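A look at the structure
Here is what each chain is made of, one letter per residue.
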Amino acid sequence: QQSSVADARQTNVLITGTPGTGKSTLAAQLAQRTGLEHVDVGDVVRNSQDKLHDGWDEHNAAYVLNEDALLDHLEPLVGGRGGCIVDHHSSDFYPERWFDKVVVLTCDNTVLYNRLEGRGYAVHKIQENVQHEIMQCSVEEANDAYAKDFVEVMRSDTDEEMRGNLERLVAWVQSRTTTDAV
Ligand code: ADP
Ligand code: MN
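All values reported here derive from a predicted model rather than from experimental measurement.

1. Digging into the site of ligand 1
Residues in contact with ligand 1 amount to 15 residues; listed here are only the nearest, Gly20, Lys23, Thr25, Arg119 and Thr158. Backbone polar atom of threonine 21 to an oxygen atom of ligand 1: 3.4 Å apart, as the coordinates give it. Considering ligand 1 on its own, with 560 Å² of exposed area, one finds that the protein chains cover 74% of that surface. Among the detected pockets, ligand 1 sits in the largest pocket. Those elements giving two or more residues to the shell around ligand 1 turn out to be helix H1 (23-34) and helix H7 (159-181). A per-class count over the shell around ligand 1 returns two nonpolar, eight polar and five charged.

Right, here's the structure in full:
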């Protein structure tokens, strides 16, 4: 059987969405269930020996991401080996070829407000993120950057929804692994 370039790496999934929608919680559980590696991009930028940012943005209380440096840093792992769950609030600057699926988590606005408040975010930052969610910016960003078939929007208001999303993704990863082994 012919193998395509995409077959050269293991399955990758990107989990994106507004901060607080539940990306890291879902990604950690999916990693535990499947053996895929959870790549929390925020953590990578904070902790990498490579400098992956252009300084600290006081207003946003976040690093200014250096996208080129990040892509160079992740290329061997994600683009080369694969087997990663990339967890990031942005999706549009990654190479499309890296991912087999893009999951966009969405959440009720009031639920999101409360989660971000619980995290101790400044009020202006909570409002910006809730506005981002109201406008469905992450859904639009992913739909503009990836083929429609690759993008799956999942609601994540409740623990029950989280469990349902997890089970669907576990089944999808396992179906791909089975196909690979044939
Ligand atoms: P993100 O990584 O997208 O910023 P987190 O995974 O850190 O979001 O989740 C933010 C908070 O919301 C955490 O306290 C988490 O436990 C909670 N949470 C996330 N998703 C759900 C959900 N579907 N149901 C209930 N609580 C959730
Ligand atoms: Mn997170």
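2. Considering the environment of leucine 105
Position of leucine 105 among the secondary structure elements: in strand E6 (residues 101-106). Leucine 105 sits in the buried class, given a relative accessible area of 1%. On a C-alpha basis, the gap between leucine 105 and glutamate 133 in space is 9.9 Å, while along the polypeptide they are 28 residues apart. Those residues in contact with leucine 105 that sit more than four places away from it in its chain are Ile15, Thr16, Gly17, Thr18, Thr21, Gly22, Lys23, Leu26, Met154, Ser156 and Asn165.

3. Considerations on the layout of surface pockets
Its boundaries defined by the atoms lining it, the largest pocket holds a volume of some 1000 Å³. Lining the largest pocket are 38 residues, with Pro19, Ala62, His89, Tyr121 and Lys125 sitting closest to its centre. Sorting the residues of the lining of the largest pocket by element identifies H1, helix H2 (41-47), strand E3 (53-57), strand E4 (62-65), helix H5 (123-134) and H7 as the ones contributing at least two each. With five residues, H2 is the single largest residue contributor to the lining of the largest pocket. Of the residues assigned to the lining of the largest pocket, the class counts are eleven nonpolar, 14 polar and 13 charged.

4. Digging into the pairing of E3
Relative to E4, E3 runs antiparallel, the two being bridged by three bridges. Across the sheet, tryptophan 56 pairs through a bridge with tyrosine 63, a residue of E4.

What counts, and at which threshold
- Each chain carries its own residue numbering, running from 1 in the direction its sequence is written.
- The naming scheme follows written order: chains are lettered A onward, ligands numbered 1 onward.
- In keeping with the predicted nature of the model, local features appear solely for residues at pLDDT of at least 70, side-chain atom pairs appear and are counted solely at 80 or more, and the whole-chain, interface and lining totals rest on all residues.
- Processing note: side-chain calculations cover all non-hydrogen atoms of the structure and skip hydrogens and water entirely.
- Put simply, a residue is near a molecule or strand once any heavy atom of it comes within 4 Å of that molecule or strand.
- Polar contacts here mean pairs of N or O atoms no more than 3.5 Å apart (in protein, one a potential hydrogen donor and the other a potential acceptor; neighbouring residues in sequence count only if both atoms are side-chain atoms).
- Accessible surface is estimated by sampling points in the Shrake-Rupley manner with a 1.4 Å probe; for residues, cover comes only from the protein chains shown.
- Using a 1 Å grid laid over the protein atoms alone, points where a 1.4 Å probe fits but cannot get out form a cavity; open sets with protein on both sides within 12 Å along at least 5 of 7 lines form a pocket; any residue with an atom within 4 Å of a point counts as lining.
- In this scheme, a molecule is assigned to a cavity or pocket if more than half of its atoms are within 2 Å of the grid points.
- Strands here are runs of E lasting at least two residues and helices are runs of H or I lasting at least four, both read from the DSSP assignment and numbered beginning at the N terminus.
- Amino acids outside the nonpolar list (Ala, Val, Leu, Ile, Met, Phe, Trp, Tyr, Cys, Pro) and the charged list (Asp, Glu, Lys, Arg) are all regarded as polar, and Gly is one of them.
- Exposure is judged per residue with a 1.4 Å probe applied to protein chains only, and the accessible area is read against the type maximum: over 50% gives exposed, under 20% gives buried, and values in between give partly exposed.
- Only heavy atoms matter for contacts: two residues are in contact if any of them lie within 4.5 Å across the pair.
- Grid points are joined across faces, edges and corners, and a volume is the space filled by probe spheres set on the points.
- For two strands to count as paired, DSSP must find a minimum of two bridges between them.

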